[in-house]
Amino acid sequence: MFGFVPASHAADSLGTLPALLAFSTEPLAHLRLLDLFIIGIYFAMVIWIGFYLKGRSNTGEEFFMAGREMTAWIAGLSFVSANLGSLELMGWAGSAYQYGILATHWYWIGAIPAMIFLGLVMMPFYYVCKTHSVPGYLDLRYGGGARTVAAISFATEMILMSGVNMFAMAVVMKVVLGWDITFSIFVSSIAVAVYVGLGGLRSAIFNEVLQFVLIWGGALLVPILGMIQAGGIGGLKSKIIANMHSDSYFHMWRDTGHFAANPMGVHWTGIVFGLGFVISFGYWTTDFLVVQRVLAAHNLRAARMAPIIGSFFKMATPFIVILPGLLGLVLLQNPDGSRRQLVGEDVVAACTVSPASGRIENSAACSAEMATTTLPAAYQQKVLSGAPGAELHSYNQALPLMMVRYLGPGLLGLGITALIAGFMSGMAGNVSAFSTVWTYDIYRPLINKHGSDSHYVLVGRLSILIGVAVSIGAAYLVMHAHGIMDYVQALFSIFVAPLLATILFGMFWKRATTMAGFLGLLLGIVFSASLFMWVKLVPAALADVALSPDAKPMAENVYRALWAFLFASIVIFVVSLLTKAKPVAELDGLVYGATVLPVEAPVPFYKNEYTWAIVVVVIFAALNIIFW
Amino acid sequence: MHGSGVSIWFFIGVILLTYGLMITGYGVYEWQTASYPPLVQLTQLHTPVWWGSVLGLLGLFYVVKFRPGRAVS
């Protein structure tokens, strides 16, 4: 996935990526031999790690759960890295270019409270019951019905998302570097299949930590050099105000009192309840892709500390994502020295240049699309006449353009490695989580209940290969039917809200029953999918879903999730009251109030998870006040 | 990580050290020959030299601290 913020959040800005395939232009960057060496060394390293760890992935516990021996730091970094995909980096840099600092909500309120809640409140239950997966927890709590619904929906989502990300990565590599689509898809997917297939979750986690370091090492220079050139934060602010004639680019909350008052078209209630609660808690506390990393921790304290450690890095991520987008607003230049204005992918695609004639294929369509932008009229004429250097670039290219601006040979290779690492960490997260859920929550209970441990490890390895093969198929499917991308990207937002309701009721209400869990999850998914299809078929319905005629598509996800959560909650509550609950004795280790949690050995305050959680909360509050 | 032989931090150290040496080396060459890439901004800051050095030193620290066979406290 695009990481999280999860892919679906970035869908609005990235859903039109395939349109870029139609746009014939020179690649943004040309790599030199040194850059290719740097990228080659990265691939050699990830494969080496896979081979090195092969001997330590022989049992199910080792292959699927990394032996449950990760430290808090490794689990925490892997936890955020599995989510730090390149499409997220580029998509949110583009969103920052469009919407300003408002995009930071998806990193702060859209992540931090949920991560703290996972660490301090939910992790003990996941960890104590020794489940292999989130559907596995549902199995213990509600029985096989809820588990099967969750497992099938999750496995489907993972494998399709992996394919979509694979394709999107290949498009980016084509646009940025001119690489062939098939080459990018096969090289990256084979590398991921090799290192995850050999070393299992341990290899995925090791590589995610490596990828995390490389992402920061490759991307951090852009905001540093950009800030130097912009004259610091003061210079950046004054330049943006001068260029955009608005200071709303620096306010996260001030303009969210009405849908029409901010460029994103969102209201603070949607941000707080839809994004900050349902989507964020759904993703960070119930999506097995990320929870799996924390379950691999070597003890309960490490499992609780891991999300808290991860939250520090999540809070810092806007520095390498949002800031480059803002800097791009004032620093990117056309070849003639004028300010370069980025546009939407639909505009770029409408202005496709014919490779044969070198001119715009459909001038009327291009002109009409450009008329919807703020591009200066003179520049529009230059584009239409095919003047040298008069190119159009999309919002999603803000980060690569900034990289090309500051990174010369060697450093550019490192930056491109960072993007590739981001793609691969997300893809590895998808296939490793898919493998575990397929083996333990679908194959074992439904197909072969009595296999040996080594048999299930073999099934896990094969499922990685098959999963990657299906992902490649999905990638080509998307390439030939772009419309499918919207539906695949919607899967996360359709599943997440009912799943969150089912797990929260299961974990914190002893009265929630087996039938309630099953029906709440199933009907919640049906309800959520129906809302999605309603807006898809009748776009005007967005105003009803988001409760405002001024709402924009970005608001749909958060409000749809909110209604689906409430619907599933009502179903679970009502059905629970009408059906017989399990005896409390059967809920030990699964439900708050029915579980005696293990007493952790006392540690100095600076090693205590509550201390660091307080520090996170204070920084989180301060950042929101500073950028109010 | 416990009980799995070579630490992940050693692998990270190796790759950072390698990258650091390559990038710093190129940066020094670039500085000496003044052969800066034409479209890249702020070349006067000699970014490959100092950023490559930072990566290399960080990598060296991890390689030494987490080298195989050394007990990590």
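Procedures and definitions
Residues numbered from 1 in each chain as written. Chains lettered and ligands numbered in written order. Predicted model: local features only at pLDDT ≥ 70, side-chain atom pairs only at ≥ 80, totals over all residues. Helix = DSSP H or I, 4+ residues; strand = E, 2+ residues; numbered from the N terminus. Rg over C-alpha atoms; globule rule 2.2 N^0.38 Å. Buried ≥ 20, exposed ≤ 12 C-beta atoms within 10 Å, placed from the backbone. Contact = placed C-beta atoms within 7 Å. Nonpolar A, V, L, I, M, F, W, Y, C, P; charged D, E, K, R; others polar. pLDDT = per-residue confidence, 0-100. Core = buried A, V, L, I, M, F, W, Y, C linked by C-beta atoms within 7 Å. Expected span 1.5 Å × (residues − 1). Arc of directions from axis to C-beta.

**Student:** Would you take a moment to explain the overall build of chain B for this structure?
**Tutor:** Helix and strand counts for chain B stand at 2 helices and 0 strands. A compact globule built from 73 residues would reach a C-alpha radius of gyration of about 11 Å, whereas chain B, at 16 Å, exceeds it by more than 25%. Taking the principal axes of its C-alpha atoms as reference, chain B extends roughly 50 × 20 × 15 Å. Buried positions account for 38% of the 73 residues belonging to chain B. A fraction of 76% describes how many contacts in chain B between residues 6 or more apart in sequence connect residues 24 or more apart.

**Student:** Would you mind showing me how to read the overall build of chain A here?
**Tutor:** Scanning chain A from N- to C-terminus turns up 26 helices and 0 strands. What you see for chain A is a C-alpha radius of gyration of 24 Å, in line with the 25 Å of a compact globule of 628 residues. Along the longest, intermediate and shortest principal axes, the C-alpha atoms of chain A span 75 × 55 × 50 Å. Every one of the 628 residues in chain A was classed for burial, and the buried ones make up 59%. For chain A, the proportion of contacts with a sequence separation of at least 24, taken over those separated by at least 6, is 84%.

**Student:** What's the story with the interface of chain B and chain A in this structure? I'm lost.
**Tutor:** Often, the extent of an interface is quoted as the loss of accessible area on bringing the components together. Taken residue by residue, the interface counts 23 residues in chain B and 30 residues in chain A. Contributions of two or more residues to the side of chain B that touches chain A are made by helix H1 (8-33) and helix H2 (47-65) of chain B. Of the residues forming the side of chain B that touches chain A, the biggest block, 9 residues, is contributed by H1(B). For the side of chain B that touches chain A, the residue count by class is 16 nonpolar, 7 polar and no charged.

**Student:** Teacher, can you tell me more about the confidence of the model for chain B here?
**Tutor:** As a general rule, the predicted coordinates of low-pLDDT regions are not to be interpreted in detail. Mean pLDDT over chain B works out to 88, with 90% of the residues at or above the 70 mark. Listed scores for the predicted complex are pTM 0.87 and ipTM 0.92.

**Student:** Even after reading the chapter, I still don't get the environment of Val488(A), so can you show me in this structure?
**Tutor:** Residue and element names in this part refer to chain A. Checked against the element boundaries, Val-488 lands in helix H22 (residues 484-508). Looking at Val-488, the number of C-beta atoms within 10 Å reads 25, which means it is buried. Considering only alpha carbons, one finds Val-488 and Leu-160, 328 residues apart in sequence, at a separation of 6.5 Å.

**Student:** Just checking my understanding: could you explain the nonpolar core for this structure?
**Tutor:** Proteins that are soluble and globular tend to have nonpolar side chains buried together. All names here are of chain A. Ranked by size, the top nonpolar core spans 242 residues in total, and within it Ala-75, Val-192, Ala-306 and Leu-500 carry the most contacts. Per-element tally for this core: the top contributor is helix H8 (residues 144-177), with 22 residues. Setting aside chain neighbours within four positions, we find Ala-306 in contact with Ala-72, Ala-75, Gly-76, Phe-79, Val-294 and Ala-297.

**Student:** Just to check I follow, could you spell out H2(B) for this structure?
**Tutor:** Given 3.6 residues per turn, any residue in an α-helix points the same way as the ones three and four places further on. Between its terminal C-alpha atoms H2(B) stretches 27 Å, which fits the 27 Å expected from 19 residues at 1.5 Å a residue. Those residues of H2(B) that sit buried are Thr47(B), Pro48(B), Trp51(B), Gly52(B), Leu55(B), Gly56(B), Gly59(B) and Tyr62(B). One side of H2(B) carries all its buried residues, which in axial view fall inside an arc of 135°. Contacts made by the buried residues of H2(B) are with helix H9 (181-219), helix H10 (221-230) and helix H20 (411-446) of chain A together with H1 of chain B.

**Student:** What's the story with unusual backbone geometry in this structure? I'm lost.
**Tutor:** Peptide bonds are trans in most cases, and residues, glycine excluded, mostly fall at negative phi. Residues and elements named next belong to chain A. The residue Ala-66 is not glycine, and still its phi comes out positive at about 55°. If you trace the backbone, Ala-66 turns up in the loop between helix H3 (60-65) and helix H4 (72-81). The backbone phi angle of Arg-68 is positive, close to 45°, even though this residue is not glycine. Within the secondary structure, Arg-68 is located in the loop between H3 and H4. The exposure class assigned to Arg-68 is buried, which follows from the 20 C-beta atoms found within 10 Å.

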